[in-house]
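Structural features, examined
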Amino acid sequence: MPPLAEWVTLYISGGKKDKLSKTDIVGFLSKKGELHKEEVGKIELLDHMSFVAVKKELVKTVLKKIQGEKMKGDKYKIEVVRLG
């Protein structure tokens, strides 16, 4: 059996064209989601969406904490990426 993934990917409905940066995402997740730097993994920033890896065991808590919160003055849809 393959080992269980340690990380879960979150989708964010904003990206480069929305003036978001990797620093903004890390700052938002650490301030509002109360994550530490090492609990945030790879961030992929596209034009109108972003993906960020978060430690699996913290995902539910983080999503509760950031629900309804604004990043750089705007609300973005943030959810777990479902694969398959």
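Residues numbered from 1 in each chain as written. Predicted model: local features only at pLDDT ≥ 70, side-chain atom pairs only at ≥ 80, totals over all residues. Heavy atoms only, no water.

This paragraph deals with the nonpolar core. Soluble, globular proteins show a tendency: their nonpolar side chains are buried together. In this structure, Leu10, Ile12, Ile25, Leu29, Val52, Met71 and Ile78 are the most contacted members of the largest nonpolar core, which totals 20 residues. The contact partners of Ile78, leaving out residues within four places of it in the chain, are Leu10, Tyr11, Ile12, Phe28, Leu63, Ile66 and Met71. (Core = buried A, V, L, I, M, F, W, Y, C linked by side-chain atoms within 4.5 Å. Buried < 20%, exposed > 50% of the residue type's maximum accessible area, 1.4 Å probe, protein only. Contact = heavy atoms within 4.5 Å.)

For helix H1 (residues 22-31), the full list of buried residues reads Ile25, Phe28 and Leu29. Looking straight down H1, one finds that the buried residues subtend no more than 95° of arc, so they occupy a single side. Turned more than 90 degrees from where H1 packs its buried face, Thr23 and Lys31 sit exposed. Contacts made by the buried residues of H1 are with strand S1 (7-12), strand S2 (40-45), strand S3 (50-55), helix H2 (59-66) and strand S4 (78-80). (Helix = DSSP H or I, 4+ residues; strand = E, 2+ residues; numbered from the N terminus. Arc of directions from axis to C-beta.)

It is worth spelling out H2 at this point. For H2, every residue scored as buried is listed here: Val59, Val62 and Ile66. Buried residues of H2, seen end-on, are gathered within an arc of 65° and therefore sit on one face of the element. Residues Lys60 and Lys64 are exposed on H2 and point more than 90 degrees away from its buried face. Downstream of H2 by one or two residues, Gly68 has phi in the positive range, about 80°.

Let us now look at the sheet that holds S4. Strand order in this open sheet of four strands is S2-S3-S1-S4, and the pairing throughout is antiparallel. The two strands at the open ends of the sheet, each matched to only one other strand, are S2 and S4. On average, each strand axis in the sheet is tilted by 25° relative to the strand beside it, whichever way the strands run. (Pairing = 2+ DSSP bridges. Axes fitted to C-alpha atoms, helices over the stretch in contact; angles between N-to-C directions.)

Moving on, we get to the side chain of Ser50. With respect to the element layout, Ser50 can be found in strand S3. Residue class for Ser50 comes out buried when judged on its relative accessible area of 0%. Of the polar contacts made by the side chain of Ser50, one reaches the backbone oxygen of Gly14; its length is 2.7 Å. Ser50 has contacts with Leu10, Tyr11, Ile12, Gly14, Gly15, Ile25, Glu44 and Leu45, leaving out every residue within four places of it along the chain. (Polar contact = N/O pair within 3.5 Å; in protein donor to acceptor, adjacent residues only side chain to side chain.)

Taken together, Lys16, Lys17, Lys19, Lys22 and Lys42 make up a surface patch of like positive charges. By secondary structure assignment, the location of Lys16 is in the loop between S1 and H1. When its relative accessible area of 48% is taken as the criterion, Lys16 is described as partly exposed. (Patch = residues over 30% accessible without salt bridge, like charges linked within 9 Å, V, L, I, M, F, W, Y side chains within 5 Å. Areas by Shrake-Rupley, 256 points an atom, 1.4 Å probe, with all protein chains shown as cover. Salt bridge = Lys/Arg side-chain N within 4 Å of Asp/Glu carboxyl O. Lys, Arg positive; Asp, Glu negative; His and termini not counted. Charge placed at Lys NZ, Arg CZ, Asp CG, Glu CD.)

Take it as geometry only, folks, not as evidence of what the structure does.
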